[in-house]
There are 2 protein chains.
Amino acid sequence: MYLAKINVVLKKSILDPQGQTVLHALENLNYNSIKEVRIGKYIEVKLDVEEKSVAENIVNEISRKLLSNPIMENYYFTLERM
Amino acid sequence: MYLAKINVVLKKSILDPQGQTVLHALENLNYNSIKEVRIGKYIEVKLDVEEKSVAENIVNEISRKLLSNPIMENYYFTLERM
């Protein structure tokens, strides 16, 4: 059993209006030291497999196919044995 | 300058319908080894401060006030010097 922790982030070249909105909200609350905010997704997946390499392959596949949009987003993940 | 990487996750006792939906989608794609999916937020924040303890305090404050809902969600973060 493995726990995959997957972060999906917008590519650097893609504008992030949600992050901009949060940045402005923080500026209005006088957090002037905050210079940039970018918002992504975080996904935890439990996999019932024995081999780490199998888990890695599955997480790569589902990240590309379902969890991220490869045109606009990058993903990275860690795997923990449970 | 610090980069804070903040993960916001639903508390264990809170149902996650979005994660359930993704789980069912994965089951329909025959990913039968996947047993649980939980979906949260991932936020990257750049802070223009010198001291790590100051950055920590700010990230804790904005996470509680603006980025998470403390009733339903937990957060944790890492800080990297840039």
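That block above? That's the structure.
A. How the structure looks around the side chain of Ser63 of chain A. Here Ser63 of chain A lies in helix α2 (residues 52-67). Residues within four places of Ser63 of chain A in sequence aside, it is in contact with Ile6, Ser68 and Tyr75 of chain A.

B. Representation of the packing of helix α1 (residues 17-28) of chain A against helix α2 (residues 52-67) of chain B in the model. At their nearest, the axes of α1 of chain A and α2 of chain B sit 12 Å apart, and the two run at 110° to each other. Looking at the two axes, α1 of chain A sits roughly perpendicular to α2 of chain B. For the pair α1 of chain A and α2 of chain B, the sense of crossing is right-handed. On the side of α1 of chain A, the interface is formed by Val22, Ala25 and Leu26 of chain A, while α2 of chain B contributes Ile62, Leu66 and Leu67 of chain B. When the residues that make up the contact of α1 of chain A with α2 of chain B are grouped by side-chain class, the tally is 6 nonpolar, no polar and no charged.

C. Examining unusual backbone geometry more closely. Residue and element names in this part refer to chain A. Of note in the backbone geometry, Asn30 takes a positive phi value of approximately 70° without being a glycine. Mapped onto the elements, Asn30 comes out in the loop between α1 and β2 (34-47). Classification of Asn30 by relative accessible area gives exposed; the value is 60%.

D. Fine view of the interface of chain B and chain A. Contacts between chain B and chain A engage 35 residues on the former and 35 residues on the latter. For the pairing of chain B and chain A, the buried interface totals around 2,800 Å² over both sides, and the portion due to carbon and sulfur atoms is 62%. Of all residues in chain B, Tyr31, Tyr42 and Lys46 of chain B give up the largest surface area on contact with chain A, accounting jointly for 21% of the area buried on that side. Of the charged contacts, one joins Glu36 of chain B and Lys46 of chain A as a salt bridge, the two residues approaching to 2.9 Å between their closest N and O atoms. Elements supplying a minimum of two residues to the side of chain B that touches chain A: β1 (2-10), α1 (17-28), β2 (34-47) and α2 of chain B. If you tally residues by element for the side of chain B that touches chain A, the top one is β2 of chain B, at 14 residues. A per-class count over the side of chain B that touches chain A returns 21 nonpolar, 3 polar and 11 charged.

Calculation criteria
Residues numbered from 1 in each chain as written. Chains lettered and ligands numbered in written order. Predicted model: local features only at pLDDT ≥ 70, side-chain atom pairs only at ≥ 80, totals over all residues. Heavy atoms only, no water. Helix = DSSP H or I, 4+ residues; strand = E, 2+ residues; numbered from the N terminus. Contact = heavy atoms within 4.5 Å. Axes fitted to C-alpha atoms, helices over the stretch in contact; angles between N-to-C directions. Parallel < 35°, antiparallel > 145°, perpendicular 65-115°, else oblique. Left-handed = near helix turned anticlockwise from the far one by under 90°. Nonpolar A, V, L, I, M, F, W, Y, C, P; charged D, E, K, R; others polar. Buried < 20%, exposed > 50% of the residue type's maximum accessible area, 1.4 Å probe, protein only. Buried area = accessible area lost by both parts, 1.4 Å probe. Salt bridge = Lys/Arg side-chain N within 4 Å of Asp/Glu carboxyl O.

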